[in-house]
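Close look at the chain arrangement
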Amino acid sequence: MKHGTLTTDNHAALWHGRFKEGPDAAAVEFETSIYVDERMAEDDIKGSLAHAKMLGAQGIISKAECDKITKGLNSILKDLKTGKLEIDYSAEDIHSFIEATLTDRIGEPGKKIHTGRSRNDQIALDERLYLKRVIPELQAKIVKLIDVLSDIASKNTKTLMPGFTHMQHAQPVTLAHHMCAWAWSLVRDCERLSDALKRIDYSPLGSGALAGSGLPLNREMVAKELGFKGVTQNSLDSVSDRDYCIEFTSCFSMLAMHLSRFSEEIVLWATTEFGFVDLSEKWSTGSSIMPQKKNPDFAELIRGRTGKVYGQLTALLTMMKGLPLSYDRDMQEDKEPLFNAFDTVSSCLTVFTYMIESAKWNTKVMEEGCEGGYLNATDVADYLVRKGMPFRTAHGVSAKAVRIAIDNNVKLEDLCMEEFKSCSELIDEDIYDFITPRACVEVRKTTGGPSSEKVKQQIAGLKKFVKSCTSKSTVK
């Protein structure tokens, strides 16, 4: 059955009573949000169950009515999960659908579920409950990727590769060091989400449309029932606040940015020119015209979809920038960008994890990339510093040695002792022991450095983080 705005049954719009005639069908279609907010059905029911329990405890509704409402809501939840009950998309929103269905099932007591609340505080509650439910699932995906990257690192603490600045060969590092760099940025992403969860751990229900309620509600009881830390402190702010939508979408944008940077490196490394990585055929595509092609399309798609996440953040900021307190209908548009951004980063995490976990690393090619390019020039300067030369002077000496090597088209380590001596008399035969790519890496033993000893410490730290997250039912 299709329901219009003005009907005589339970499916009339919740606001219809003041109107003699309803809006045009096109207007109803334009303002309906159920296609977007249907994913919060479970959260809406959970909030209504706690609200009904409080209404009963406060004597606002009878115990019998509370029991009927509770039974009815639980039956709706069960039937939605099993597919026995389908969403009625003619409903204005998920709140209207659930309330109407409840009244269909239990009669007049169903009409009492909205006592003491407004859709303004109801949606603010639903969004917070939804985020509290799904953000730990996203964090679990981040933790999974951190674990995969640390596993790759564990197997490659000795695998040399060139490090880059300005996309030019800079200094030798290891694949393990590079994977740890990716992983630590993901740790920050996970922690940012945990920080954001702390700020939504307060229930807005009971704030009403904007000014609370004259009924003897117990907001604290509802908050405790739903697992919140407490209640929000100002009813105006409670219903007009969408900081949490913006903050989480900002977190999603940061996460997407990191995945995009990783993907950019994968795209580069998969080229013939680099040849550092061989992506699985399961996570590559071909060309419709060039049969030889094996394209890193999934990495490119992750990189491309980052712009979509940024767009959702901009949409939310723009939506909120001119709204007076308290609630304005503009705020109905908060859910689609929030959900789309969440869905995008969630799918990108899944795909990137599978892609990188199945990749093969061409370690020989990576190590050969450390040869030439004068990645050891800084180590010549450091060699001289150890012998007492000021670093700025040593930098000039090393630069002179590089110039000689460039003019003779040889590697820095291939200069003869006479050529080194022409740069500085402090240079002796032991210089050659300090400027191999392996020596350049292993000497860097500062905390966070690329030496195998320090990288193993990083891996241990990452594994500890993973363990601390997976040992809990939720990531905090």
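Figured I'd write up the structure that's included with this text.

Core analysis: the largest hydrophobic core is formed by 75 residues, its most contacted members being Phe248, Phe252, Ile266, Phe352, Ile356 and Trp361. Mapped onto this core, the elements with two or more residues apiece are helix H6 (119-154), helix H7 (175-199), helix H10 (243-269), helix H11 (297-320), helix H12 (335-357) and helix H19 (452-470). Per-element accounting of this core gives the leading share, 15 residues, to H6. Those residues in contact with Phe352 that lie beyond four places of it in its chain are Leu145, Trp182, Leu259, Phe262, Ser263, Ile266 and Ile302. Grouped together as the second largest cluster of nonpolar side chains are 31 residues, Cys66, Ile106, Leu129 and Val231 included.

Attention now goes to the pattern of salt bridges. Taken as a whole, this structure holds 32 salt bridges when the rule is applied. Across the salt bridge formed by Lys112 and Glu65, the nearest N and O atoms sit 2.6 Å from each other. A residue pair is termed long-range when its members are at least 10 positions apart, and Lys112 in the loop between helix H5 (94-106) and H6 and Glu65 in helix H4 (residues 63-82) qualify at 47 residues. Its relative accessible area of 34% is what places Lys112 among the partly exposed residues. Overall, the relative accessible area of 17% leaves Glu65 in the buried class. Salt bridges sharing common partners tie together Glu92, Asp93, Arg119 and Arg329.

Attention now moves to the packing of H4 against H5. H5 packs onto H4 with a crossing angle of 115 degrees between their chain directions and a minimal axis gap of 9 Å. For the pair H4 and H5, the crossing hand works out as right-handed. Residues Lys68, Ile69, Gly72, Leu73, Ser75, Ile76, Asp79 and Leu80 of H4 form the contact with H5, whose own contacting residues are Phe97, Ile98, Thr101, Leu102, Arg105 and Ile106.

Let's shift gears to empty space enclosed by the protein. Counted by the stated rule, this structure contains three cavities of 30 Å³ or more. Taken as a whole, the second largest cavity spans an internal volume of roughly 70 Å³. Among the residues forming the lining of the second largest cavity, the class breakdown is seven nonpolar, three polar and three charged.

Conventions we followed
Residues numbered from 1 in each chain as written. Predicted model: local features only at pLDDT ≥ 70, side-chain atom pairs only at ≥ 80, totals over all residues. Heavy atoms only, no water. Core = buried A, V, L, I, M, F, W, Y, C linked by side-chain atoms within 4.5 Å. Buried < 20%, exposed > 50% of the residue type's maximum accessible area, 1.4 Å probe, protein only. Helix = DSSP H or I, 4+ residues; strand = E, 2+ residues; numbered from the N terminus. Contact = heavy atoms within 4.5 Å. Salt bridge = Lys/Arg side-chain N within 4 Å of Asp/Glu carboxyl O. Axes fitted to C-alpha atoms, helices over the stretch in contact; angles between N-to-C directions. Left-handed = near helix turned anticlockwise from the far one by under 90°. 1 Å grid on protein atoms, 1.4 Å probe; cavity = no way out; pocket = protein on both sides within 12 Å on 5 of 7 lines; lining within 4 Å. Points joined across faces, edges and corners; volume = space filled by probe spheres on them. Nonpolar A, V, L, I, M, F, W, Y, C, P; charged D, E, K, R; others polar.

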